[in-house]
Amino acid sequence: MDYNTKFTPHTWPDHPEQATMEGKNKVVGFWIFLACEVVLFASLFATYLALKNKGPAGMEFSTQELFELPLAFAMTMLLLTSSLTSVYAIYHMRNFNFKAMQTWLAITLLLGLGFLCLEIYEFYHYVHLGFTFSQSAFSTAFYTLVGTHGAHVTLGLIWFTTLMIRNAKRGLNLYNAPKFFVAALYWHFIDVVWVFIFTVVYLMGVIG
Amino acid sequence: MSSHTQKKSFGASVWDYITTVDHKKLAVMYLLAGTLFFAIAGFEALLMRIQLMKPNNDFISAGFFNELLTMHGTTMLFLAATPLLFAFMNMLVPLQIGARDVAFPFLNSLGFWLFFLGAVFLHLSFFMGGAPDAGWTSYASLSLYSPGHGIDFYVLGLQISGFGTLISGLNFIVTIITMRAPGMTFMRMPLFTWTALVSSALILFAFPPLTVGLVLMLFDRMFGGNFFDHTMGGNTVIWEHLFWIFGHPEVYILVLPAFGLFSEIIPTFSRKRLFGYSSMVFATILIGFLGFMVWAHHMFTTGLGPTANAIFAVATMAIAVPTGMKVFNWILTIWGGSIKVTTPMLYALGFIPSFVAGGVTGVMQASAPLDYQLHDSYFIVAHFHYVIVGGIVTALFGSAHFYWPIFFNRMLDEKLGKWTFWVFFIGFHLTFFVQHFLGLMGMPRRVFTYMEGQGWDQFNYISTVGAAMMGVGVVMMVINCLLSIKRPPAGRDPWGDGRTLEWAIPQPIPFYNFRQTPLVRGLDPYWIEKQEGNKEGMIYAEPLGDIHMPNNSALPFVISLGLFIAAFGALYSPLGVAEDSRTWAIPVLIIGLLITFGAMIVRSVKDDHGFHLHKEEILEIEEQLYGKGGKK
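Residues numbered from 1 in each chain as written. Chains lettered and ligands numbered in written order. Predicted model: local features only at pLDDT ≥ 70, side-chain atom pairs only at ≥ 80, totals over all residues. Heavy atoms only, no water.

Chemist: Please explain the overall build of chain A as it appears in this structure.
Modeler: A count of helices and strands for chain A gives six helices and zero strands. Reading chain A from its N terminus to its C terminus gives the helix and strand order α-α-α-α-α-α. Summarising its shape, the C-alpha atoms of chain A cover approximately 70 × 30 × 25 Å along the three principal directions. Counting over 208 residues, chain A shows a buried share of 54%. Of all intrachain contacts in chain A linking residues separated by at least 6 positions in sequence, the fraction that spans at least 24 positions is 80%. Total accessible area computed for chain A in this model is approximately 9100 Å², and 70% of it derives from carbon and sulfur atoms. Here chain A contributes 11 positively and 11 negatively charged side chains, and the mean placements of these two sets differ by 14 Å. (Helix = DSSP H or I, 4+ residues; strand = E, 2+ residues; numbered from the N terminus. Buried < 20%, exposed > 50% of the residue type's maximum accessible area, 1.4 Å probe, protein only. Contact = heavy atoms within 4.5 Å. Areas by Shrake-Rupley, 256 points an atom, 1.4 Å probe, with all protein chains shown as cover. Lys, Arg positive; Asp, Glu negative; His and termini not counted. Charge placed at Lys NZ, Arg CZ, Asp CG, Glu CD.)

Chemist: It is not clear to me how the interface of chain B and chain A should be interpreted in this structure. Could you clarify?
Modeler: Taken together, the 38 residues of chain B in the interface contact 35 residues of chain A. Buried surface at the junction of chain B and chain A, both sides included, amounts to about 2900 Å², of which 72% is carbon and sulfur. Looking only at chain B, the three residues that lose the most surface to chain A are Phe227, Met232 and His609 of chain B, adding up to 16% of its buried area. At the junction of chain B and chain A, the tally comes to two salt bridges. (Buried area = accessible area lost by both parts, 1.4 Å probe. Salt bridge = Lys/Arg side-chain N within 4 Å of Asp/Glu carboxyl O.)

Chemist: Even after reading the chapter, I still don't get the UniProt feature "transmembrane region" (unreviewed entry) in chain A, so can you show me in this structure?
Modeler: Summarizing the sequence annotation, UniProt attributes the feature "transmembrane region" (unreviewed entry) to residues 28–51, 71–91, 103–121, 141–165 and 185–207 of chain A in the numbering used throughout. Across residues 71–91 of chain A, the secondary structure splits into 100% helix and 0% strand, with the terminal C-alpha atoms separated by 31 Å. (UniProt positions renumbered as here; feature names shortened; annotations may be inferred.)

Chemist: Looking at this model, I keep getting lost on the packing of aromatic side chains. Mind explaining?
Modeler: Any pair of aromatic rings gets described here by the distance separating the centres and the angle formed by the planes. In the structure shown here, the tally under the stated rule is 83 aromatic pairs over all chains. Ring centres of Phe67 of chain A and Tyr126 of chain A lie 6.1 Å apart, and the angle between their planes is 55°; on these two criteria the pair is classed as tilted. Of this pair, Phe67 of chain A sits in the loop between α2 (63–66) and α3 (69–94) while Tyr126 of chain A sits in helix α4 (residues 98–129); the two residues are 59 residues apart in sequence, bridging distant segments of the chain. Assessed through its relative accessible area of 2%, Tyr126 of chain A is described here as buried. Relative to Trp495 of chain B, the ring of Phe402 of chain B lies with its centre 6.1 Å away and its plane at 35°, an arrangement referred to as tilted. Here Phe402 of chain B is found in helix α13 (residues 378–408), whereas its partner Trp495 of chain B is found in the loop between α15 (457–483) and α16 (525–531), with 93 residues between them in sequence. (Phe/Tyr/Trp six-rings, centres within 6.5 Å; stacked < 30°, edge-to-face > 60°.)

Chemist: What exactly am I supposed to notice about the UniProt feature "domain: Cytochrome oxidase subunit I profile" (unreviewed entry) in chain B here?
Modeler: The feature "domain: Cytochrome oxidase subunit I profile" (unreviewed entry), as given by UniProt, occupies residues 9–521 of chain B in the numbering adopted here. Annotation note: span residues 9–521 of chain B, helix share 69%, strand share 0%, distance between end C-alpha atoms 44 Å.

Chemist: In this structure, what is going on with the nonpolar core? I would like to understand it.
Modeler: What tends to happen in soluble globular proteins is that the nonpolar side chains get buried as a cluster. In terms of nonpolar packing, the biggest core is built from 239 residues, with Phe142 and Tyr202 of chain A touching the most fellow members. The contact partners of Tyr202 of chain A, leaving out residues within four places of it in the chain, are Phe67, Leu69, Ala72, Glu122, Tyr126, Phe142, Val146, Trp194 and Ile197 of chain A. Tyr378, Val381, Leu438 and Trp456 of chain B belong to the second-largest nonpolar core, a separate cluster that totals 13 residues. (Core = buried A, V, L, I, M, F, W, Y, C linked by side-chain atoms within 4.5 Å.)

Chemist: It is not clear to me how the packing of α3 of chain A against helix α6 (residues 177–206) of chain A should be interpreted in this structure. Could you clarify?
Modeler: Helix-helix packing is characterised by the crossing angle of the two axes and by the distance between the axes. All names here are of chain A. Where α3 contacts α6, the axes come no closer than 10 Å and their chain directions differ by 160°. The angle between α3 and α6 falls in the class roughly antiparallel. As for how α3 packs across α6, the hand of that crossing is left-handed. Along the lines of polarity and charge, the residues of the contact of α3 with α6 split into 21 nonpolar, five polar and two charged. (Axes fitted to C-alpha atoms, helices over the stretch in contact; angles between N-to-C directions. Parallel < 35°, antiparallel > 145°, perpendicular 65-115°, else oblique. Left-handed = near helix turned anticlockwise from the far one by under 90°. Nonpolar A, V, L, I, M, F, W, Y, C, P; charged D, E, K, R; others polar.)

Chemist: Hey, could you run me through helix α7 (residues 191–222) of chain B in this one?
Modeler: Helical periodicity: at 3.6 residues per turn, an α-helix aligns residues three or four positions apart in one direction. Residues and elements named next belong to chain B. Look at α7: 44 Å from first C-alpha to last across 32 residues, which is about the 46 Å you get at 1.5 Å a residue. At Ala206, α7 shows its maximal bend, which comes to roughly 30°, and the proline Pro208 appears one to four places after that position. Of all the 32 residues making up α7, 28 are buried; the element is thus mostly covered by neighbouring parts of the structure. One or two positions beyond α7, positive phi appears at Gly224, with a value near 75°. (Expected span 1.5 Å × (residues − 1). Bend = angle between axes of the 7 residues up to and from the residue.)

Chemist: Whenever I open this one, the side chain of Asp220 of chain B confuses me. Can you help?
Modeler: Residues and elements named next belong to chain B. Relative to the helices and strands, Asp220 is located in helix α7. No salt bridge is formed by the buried Asp220; its nearest oppositely charged neighbour, Arg221, is found at 9.3 Å. Polar side-chain contacts of Asp220 include one of 2.8 Å to the backbone nitrogen of Phe227. Here Asp220 is in contact with Leu144, Gly225, Asn226, Phe227, Phe228, Asp229 and Val577, once residues within four sequence places are set aside. (Polar contact = N/O pair within 3.5 Å; in protein donor to acceptor, adjacent residues only side chain to side chain.)

Chemist: What exactly am I supposed to notice about a nonpolar patch on the surface here?
Modeler: All names here are of chain A. A cluster of nonpolar side chains, Phe73, Met77, Leu80, Val192, Val195 and Phe196, forms an exposed patch at the surface whose accessible area comes to about 510 Å². Elements with a minimum of two residues in the nonpolar patch: α3 and α6. Here Val192 shows up in helix α6. (Patch = residues over 30% accessible without salt bridge, like charges linked within 9 Å, V, L, I, M, F, W, Y side chains within 5 Å.)

Chemist: Would you take a moment to explain the confidence of the model for chain A for this structure?
Modeler: Reading fine detail from the predicted coordinates is not recommended where pLDDT is low. Averaged over all residues, the pLDDT of chain A is 92; the fraction at 70 or higher stands at 98%. Averaged pLDDT values for the elements of chain A fall to 88 in α2 of chain A and rise to 95 in α4 of chain A. (pLDDT = per-residue confidence, 0-100.)

What follows is the structure in structure tokens.
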């Protein structure tokens, strides 16, 4: 199908993201990219677990004293909800409802921004306590793991914003449908990684 | 673009190569870049061999020797073998599956430029205060406090070129999954494409741990991290694990495509279908899988304990089974065939016993108790050079002869090729065979000199003579390549026995490959058509129509250049271990990253629909290429 074709909700294909060869390649390629991201985060998790609570002799910081579950819980809720709203956005993309899609993407963006603000506050708070990046092996591993996730969130927010602004005036077509779909896929992946961070870093840190 | 047949100015040609997304041009660029770094690393090896020629030699200093051995290993694996194999993968995979290009031509170009600029960055270390000197494995306990910027160059250079490799690997996987011509089922794919697929999957899972390892090292050395500093609670064994989780599959990433290349050469010149095709596919996948289960056999002496050592020892020995399957399949393909001993076939015949020798010493080291004796001795050096030179380099040389007509529409000289083979092959065995004995006699690897009277002198001398012969062989090979410029065009299927789709395509190959997508009717599709007397080459799955092609782009180069610039900023970071930070470090880092991300945003915002090549234009191009009437 051609990129220049104008669509109505009736002629719009069921899976617009895979209606062109390029779109199909993009979706397959992105799933494979996510597989390699999984290995990347697995390596970071393994490093974190090996260095958890390890520091110079007499280090006063430990996961039990440092982490506060209410804050981590609030962050989790924000990110999980944003994953749901991005599902709504893709639902409307498939129904050729551009306005609704943009609205839900904007909500996703705000929730993601909220998460990021809480994370920045959290890091700021820890640094204020003296738990800096160079304080110990534990602190370095913590900031690297959680910070890498935070960098992914930031990248996702920039990605969504660029997509929304670029396509604001022209609506949906078969050229940008795969782009929205893939961005949403990325957002879900970030969410799944956070579920593991919440479990392994925060829950197991405070309770385990 | 269709203007490619006209003569261009030099500047326009350079611009064309910087912006190209054509898999065939990128293959040539990989070939040239890989050869350059192969020559550099080979020269480093010769310097080391001259130093070790006699005891107590003072040809080069101990520090420079360390830099040479580090750069030799790093360059050969990351910057010579990988791009040379990528050259063949780029050229052959789309042709073998009947595709117009790879799935993501833009990413293909990005992969090349990241690799190339990362490699250039690493080599700048020689001119900017010293190369890395902690071995290609760069163990953290050794590299963390290495003075100067050598290790920083290693970390940043490999990080950038590693991204390139990862991107290319991803691209090959998607290409093979989605771009196959009608009828090209998975079990009809040529074995080289199969090995390219499995090797790309290994890249996909092996390079992220390396990326993480390098990031940890980057933070520790340049930004005040504590991953490996035991006084701060760090642990250097983490580096060993991450490095070998990458490092062991890397061996298979390189050797599997080499197996694939021989699996193309051997049936062609035995003029017989590959014996046990499906078991070859199975063995390839199994080697890929087991390749991830054995990394700790590099760490038997680290002290992981007898249980871990036993598990990894058994897993390592298990890899010998699928590899053995492959060796027997090659032998049974040759068995009863109508054999033509051409230069590529000569390399294949030399490969089998050499590689088996390397494999057998590998199984010896898999036995953990014996490995305590062999570890860090010249026995190890002999083993992995038998595998890498005997397996990968012979594959590269043999396939260069075999596929030169696909790359350049010229044949290499057979007579010179056979001489090259014998000089190189004898030199290779002279160099490394005696090193087994040196290792068993106790000579440690990575030493810059040794005392006389330990019985090592003679063997070291022989080894150096062999290395010189290998050097002569490589020079002969390069001369052969250069002489091919003067030779007449080779035309389609110059060996006369091509079996797979890449031989069915007319020469010179137009930039859109097959003008109509071919229909694949079985394994070795071109052979089938030839058997049925099809003069046209292939039968086609579609009528002649418009062809959709991707646009050229300079953005991949700009994205890579941004990271190249950013790396200089990180190098002179104020928090770095090497205490010569610069005030401009952080701004440069930020500017570099801004260039990269800015270019990525431009790529995202600017629509790139590619262009359509119309039927009339196709006919016009073909008339220019093949003359009136479409003589091929």
